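Remarks on the overall topology
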Amino acid sequence: MIKAITGTKDILPSEIPNWYNLEDVVKNIMNSFNYKEIRTPIFEETRLFSRGIGEATDIVSKEMYTFIDRSETSVTLKPEMTASVVRALLEHSLDKQFQLNKLFYISPMFRQERPQAGRFRQFHQFGAEALGSTSPALDAEMIILAYQILKKLGLSNFVVKINSLGIPSSRENYKNLLKEYLVDKKQNLSEESQKRYETNILRLFDSKDERDQKIMENAPLLIEHLDDESLEHFDEVKQMLLAAGIPFEVDPKLVRGLDYYTHTTFELVSGSVGSQSALCGGGRYDLLVNQLGERDVPGIGFAAGIERILLAMENEKVITEIKPQIDFYIVRLEKELNKKVFEIATKLRENNSVEFDYTQRSVKAQMREANRLGAKNVLIIGGEEFERGTAVLKNMEDGSQEEILLSEIK
RNA sequence: GUGGGUGUAGCUCAGUUGGUUAGAGCGCCUGGUUGUGGCCCAGGAGGCCGUGGGUUCAAGUCCCAUCUCUCACCCCA
């Protein structure tokens, strides 16, 4: 039997109501913050991602679905959305049409990782990007937006973590400080962390290795070495979150993996899913657009994992069971009336959801089916009523029946 | 890429120290009288026991390989 590719999943009809529900909540809240939806192609030229996300990142170096197409172009299924949104912004000069672009998306993403709880090779994200302003109000807005969506979906077991990475110059100074601190401790770090000492020293903070954690316990923190401007920006964000009544914790060790982040970074972390607990992550990226297009457009955004959120909703038991329902089920007494049933159904379907039996089942079986489909009413066609030009209309909730004229059905 | 677990009907699972025609619950189908649901009752369909080798008189049960799914590491949504 041919099966779906490892790490991919079919979303079956029984699960679709949950997806609709989530998408509706996302669209409504995005709308109330005045974010406009954008849809970009599912694949792009590979160099968009390698340049935008960073060659050294795990995403680019080992997780992308990349292939050469028939015209010898290297293309990649999108592993995240920010680079694509920025590309679209530049390609269509949206940044010149509007000083501020507030955009959101709901889209599948692709990363070739080993699947596990809350992680798939094709997965779905919704997210937002605000391009064109350095205002800390947008940093706060992003976090509030994500927070409200999760709340609206019924989730409560999650925390908001924020941090600031400052600007590149203060970050470089800090990195040197950190290297100094580690210079005599380096050989005691885990093998993985020793590599990271060279490639991305900030990541040492989120190592799960106990030895590493012990060593990093007393390390200087970036947040204590920010320049004044960055500190002020971060303070304003915190104040706005406080004013909005959003509970959050500053996590100086929150270092996000993508190269393009500056200033604020944040995560919404769930306690209801497995070890892949980040439901939502994002941050400010004031330098990315310039990297991709030689124009200075500051931006901030976040992405949220839909499968993870649905998993959290399931575990927190906030998924509302939606029972199937249709308006009418048409039961046919004599099979000679199949054509008549079809005709009535077609007419009724102009304004109602209608189903009938396509096989030749007994009346009992048809009634059972009507019940199973959650039919509000059953229309019984046939017998002496049909001779009289009428049909029996049965209300399935209270079981009452009445006779109605066939000519009046609509 | 590395490590642990798993694989028996559509679904959730049981199958004793290897031993006759492989079971349950749910679901599905049919029926319980002439044209009627949900409850109940009766009957029925449905399984190369993941796949390929091996051990044995005999394997769902033991061994090897392989694949799948799954959890964790790495990293991330």
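Quick note: structure is the one above.
Below or above, wherever it landed, is the structure these notes cover.

How each quantity is defined
- Residues numbered from 1 in each chain as written.
- Chains lettered and ligands numbered in written order.
- Predicted model: local features only at pLDDT ≥ 70, side-chain atom pairs only at ≥ 80, totals over all residues.
- Heavy atoms only, no water.
- Pairing = 2+ DSSP bridges.
- Helix = DSSP H or I, 4+ residues; strand = E, 2+ residues; numbered from the N terminus.
- Axes fitted to C-alpha atoms, helices over the stretch in contact; angles between N-to-C directions.
- Contact = heavy atoms within 4.5 Å.
- Patch = residues over 30% accessible without salt bridge, like charges linked within 9 Å, V, L, I, M, F, W, Y side chains within 5 Å.
- Areas by Shrake-Rupley, 256 points an atom, 1.4 Å probe, with all protein chains shown as cover.
- Salt bridge = Lys/Arg side-chain N within 4 Å of Asp/Glu carboxyl O.
- Near = heavy atom within 4 Å.
- Polar contact = N/O pair within 3.5 Å; in protein donor to acceptor, adjacent residues only side chain to side chain.
- Nonpolar A, V, L, I, M, F, W, Y, C, P; charged D, E, K, R; others polar.
- Buried < 20%, exposed > 50% of the residue type's maximum accessible area, 1.4 Å probe, protein only.
- Lys, Arg positive; Asp, Glu negative; His and termini not counted.
- Charge placed at Lys NZ, Arg CZ, Asp CG, Glu CD.

Glancing now at the sheet that holds strand S12 (residues 326–332). Pairing within the open sheet is mixed, and its five strands lie in the order S13-S12-S14-S15-S16. In this open sheet, the two edge strands, each paired with only one partner strand, are strand S13 (354–356) and strand S16 (401–405). For this sheet, the mean angle separating the axes of adjacent strands, direction not counted, is 30 degrees. The pairing of strand S15 (residues 390–395) with S16 spans five bridges and is classified as antiparallel. Residue pairing in the sheet places Ala391 in a bridge with Ile404 of S16. Relative to S12, helix H13 (residues 338–348) is tilted by about 165 degrees, and along the sheet it contacts S12, S13 and strand S14 (375–381). Sheet strands touched by helix H14 (residues 363–372): S12, S14 and S15. Its angle to S12, the strand with the most contacts, is close to 175 degrees.

Let us now look at a nonpolar patch on the surface. A contiguous nonpolar surface patch, about 270 Å² in accessible area, is contributed by Ile42, Phe43 and Phe67. Along the chain, Phe67 turns up in strand S3 (residues 66–68).

We now examine the sheet that holds strand S9 (residues 262–270). An order of S1-S5-S6-S11-S10-S9-S7-S8 is seen for the eight strands of this open sheet, with the pairing classed as mixed. The open sheet has two free edges, formed respectively by strand S1 (36–37) and strand S8 (249–250), since each of these has just one partner strand. Where strand S7 (residues 158–164) meets S9, seven bridges bridge the pair, whose relative direction is antiparallel. If you follow Val159 over to S9, its bridge partner there is Val269. Along the sheet, helix H4 (residues 82–91) contacts strand S5 (101–110) and strand S6 (122–131); its crossing angle with S6, the most-contacted strand, is approximately 45 degrees.

In the vicinity of RNA strand B lie 49 residues, with Arg119, Arg196, Arg203, Arg256 and Arg372 positioned nearest. Protein-proximal atoms of RNA strand B, defined as those within 4 Å of the protein, fall in sugar or phosphate at a share of 55%. Contact distances for RNA strand B include 3.2 Å between a base nitrogen and a side-chain N or O atom of Gln276. One of the side-chain N or O atoms of Asn371 is found 3.0 Å from a base nitrogen in RNA strand B. The element that contributes the greatest number of residues to the surface near RNA strand B is H14, accounting for seven residues. Of the residues contributing to the surface near RNA strand B, the split by class is 15 nonpolar, 14 polar and 20 charged.

With that settled, the discussion passes to the environment of Ser272. Inspection of the secondary structure puts Ser272 in the loop between S9 and strand S10 (278–284). On the basis of relative accessibility, which here comes to 13%, the residue Ser272 falls in the buried class. For the pair Ser272 and Glu316, spaced 44 residues apart in the sequence, the C-alpha separation amounts to 6.7 Å. With near-sequence residues (within four places) excluded, Ser272 lies in contact with Asn157, Ala312, Asn315 and Glu316. A polar contact of 3.0 Å, which involves the side chain of Ser272, links it to the side chain of Asn157.

This part is about the environment of Thr265. As for its position among the elements, Thr265 is in strand S9. In the structure, Thr265 is positioned 19 residues away from Arg284 in sequence and 6.5 Å away in space, judged by C-alpha atoms. Not counting residues within four places of it along the chain, the set of residues in contact with Thr265 comprises Lys161, Ile162, Asn163, Leu165, Leu254, Arg256, Gly282 and Gly283.

The next thing to look at is a negative patch on the surface. Together, Asp228, Glu229, Glu232 and Glu236 give the surface a local cluster of negative charge. Within the element layout of this structure, Glu236 appears in helix H10 (residues 228–243). Residue class for Glu236 comes out partly exposed when judged on its relative accessible area of 33%.

Let's shift gears to the pattern of salt bridges. According to the stated counting rule, one finds 20 salt bridges in the structure shown. Residue Glu44 pairs with Arg87 through a salt bridge whose shortest N-O separation is 2.4 Å. Of this pair, Glu44 sits in strand S2 (residues 43–45) while Arg87 sits in helix H4; the two residues are 43 residues apart in sequence, bridging distant segments of the chain. Notably, a salt bridge pairs Asp58 with Lys62, separated by 3.5 Å at the nearest N-O pair. Residue Asp58 and its partner Lys62 are located together in helix H3 (residues 58–63), separated by four residues, close to a single helical turn.

Our next topic: the side chain of Thr390. As for its placement among the helices and strands, Thr390 is situated in strand S15. You can call Thr390 buried: its relative accessible area is 9%. Here the side chain of Thr390 touches Glu403 through a polar contact of 2.7 Å, side chain to side chain. Those residues in contact with Thr390 that sit more than four places away from it in its chain are Glu385, Glu403, Ile404, Leu405 and Leu406.

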